[in-house]
Structures are given as structure tokens and as C-alpha cells.
Amino acid sequence: AESTVPAASSGFGKAAAQRLSDELKRKLGFMGVVNHKTVGALDLFRILRAVKTLEDYRIALQAMNRFYNFGIKLKHRELASRLLAAAMVCGVEDEAVELVKLSGAWLEHPPDTALVYSLMGRHLDAGNYRTVRELAQAVREDWRMQVEAPLYALGIEAMLRLPEGGVAEALLLHE
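Just so we're clear, the structure is a prediction, and the values are computed from it rather than from any experiment.

1. A word on the overall build of the chain
In step 1: Along the backbone of the chain there are 10 helices and 0 strands.
In step 2: Going through the 175 residues of the chain one by one, you find that 41% of them count as buried.
In step 3: The long-range fraction of contacts in the chain, counting pairs at least 24 apart against all pairs at least 6 apart in sequence, stands at 64%.
In step 4: For the chain, the accessible area works out to roughly 10200 Å², and carbon and sulfur atoms hold 54% of it.

This is how it looks when you write it as C-alpha cells:
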């Protein structure tokens, strides 16, 4: 039984991110006069939810840039988490890692630690042990992020798998 609901009306589909971005452009207008009661983080979240491909991710980043250009505050506590989730869905792993490492410089709130641990697990499974180490370091250095047991478990496992010097680093992290 096929669905009778067209993809465009459900908010998801091949061009959903582009369609939502175009709607946002219309809301923002061309003159830079923005009604802050009608445009906000929820509009960006709708675009991030529709992200499925690298091109969709670029569209979402362009929309985020428009928010900054129009002076719309992006201080929502879930913004970093949703952006990280979108990067992971699109398979832009390097971008996801950089987002975790640099979120303190430009986002008000850090990404959710469960997503960060998921990203660390992906890199651990892929054999990217140095990346797991970098993510563990970034979490430990960001005072806004709660350090929990999974961070140490993933970090120590990655360090033990490093070809050289990993055991000593794992012992330091353990202490």
C-alpha cells in the first residue's frame, strides 16, 4: 500500500531542505526588515530536520548564515545538538568533529553529550583513534559539557588502540 501523502506536504522529500530554505527567504524579505516574532530558531530547526544530503547540509548552513546576517539571535539550547545531528546524518564526519571542538567559540550552548559519545563511537569503530582522543579532549576542555563515564570509556579504549604512546595517555586519562 503506497502512501497517499505527497512528499512535499510532509516536510520531507528530495527537495525539502531547499523548499524550507526558500520559505525562510520569503519570511526574511529582501530589505532586511525582519519581524522577530515570525522568524526564529524553529524555522532553522525545520530545515535541519529535513537535511539528508551534503547539499541539504550546505543549504542549512546558508540559512543559519542568513539568521546571523539579519541579526536573528540563535541562542536556543538545542541548536548545537541539532546541527551536530544533521552533520552526522549527512556523513560529514569532519564537520561534526570540528563542530564539537569549536562550538564554544560561536555557539551559546554545547551539543548534547549523548550525540558527542555517538560520534566518538563512530570514529572508534572506524579506527580513527586520534579523532576520538581529540573529541575527548574537546569535551574535557569545555566547561559547559558534563564529563561522564562514556567519555572515559571511549577515550581510554581509543588510546589503548593507538600504535605508540597510547597506554601512557590512557593511564593519564584514567587518573
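2. Topic: the packing of aromatic side chains
In step 1: For the coordinates displayed, the defined rule picks out 0 aromatic pairs.
In step 2: Taking the ring centre of Phe45 as reference, the NZ or CZ of Arg82 above it sits at 4.0 Å.

3. Brief notes about the nonpolar core
In step 1: Residues Leu44, Leu48, Tyr57, Leu79, Leu84, Leu119 and Met120 are the most contacted members of the largest nonpolar core, which totals 49 residues.
In step 2: Of all the secondary structure elements, the ones that give two or more residues to this core are helix 2 (16–28), helix 3 (41–50), helix 4 (54–69), helix 5 (79–90), helix 6 (93–106), helix 7 (113–126), helix 8 (129–141) and helix 9 (149–161).
In step 3: Considering every element that reaches this core, the biggest residue donor is helix 5, with 8 residues.

4. A few points about the side chain of Ser103
In step 1: The residue Ser103 is located in helix 6 in this model.
In step 2: Of the residues examined, Ser103 reaches a relative accessible area of 0% and is grouped as buried.

5. Some details on the side chain of Asp43
In step 1: Residue placement: Asp43 occurs in helix 3.
In step 2: According to the relative accessible area criterion, Asp43 is buried, its value standing at 11%.
In step 3: Those residues within four positions of Asp43 in sequence are excluded, and the remaining contacts are Leu24, Lys27, Thr38 and Phe67.

Scoring rules and cut-offs
Residues numbered from 1 in each chain as written. Predicted model: local features only at pLDDT ≥ 70, side-chain atom pairs only at ≥ 80, totals over all residues. Heavy atoms only, no water. Helix = DSSP H or I, 4+ residues; strand = E, 2+ residues; numbered from the N terminus. Buried < 20%, exposed > 50% of the residue type's maximum accessible area, 1.4 Å probe, protein only. Contact = heavy atoms within 4.5 Å. Areas by Shrake-Rupley, 256 points an atom, 1.4 Å probe, with all protein chains shown as cover. Phe/Tyr/Trp six-rings, centres within 6.5 Å; stacked < 30°, edge-to-face > 60°. Lys NZ or Arg CZ within 6 Å of the ring centre and 35° of its normal. Core = buried A, V, L, I, M, F, W, Y, C linked by side-chain atoms within 4.5 Å.

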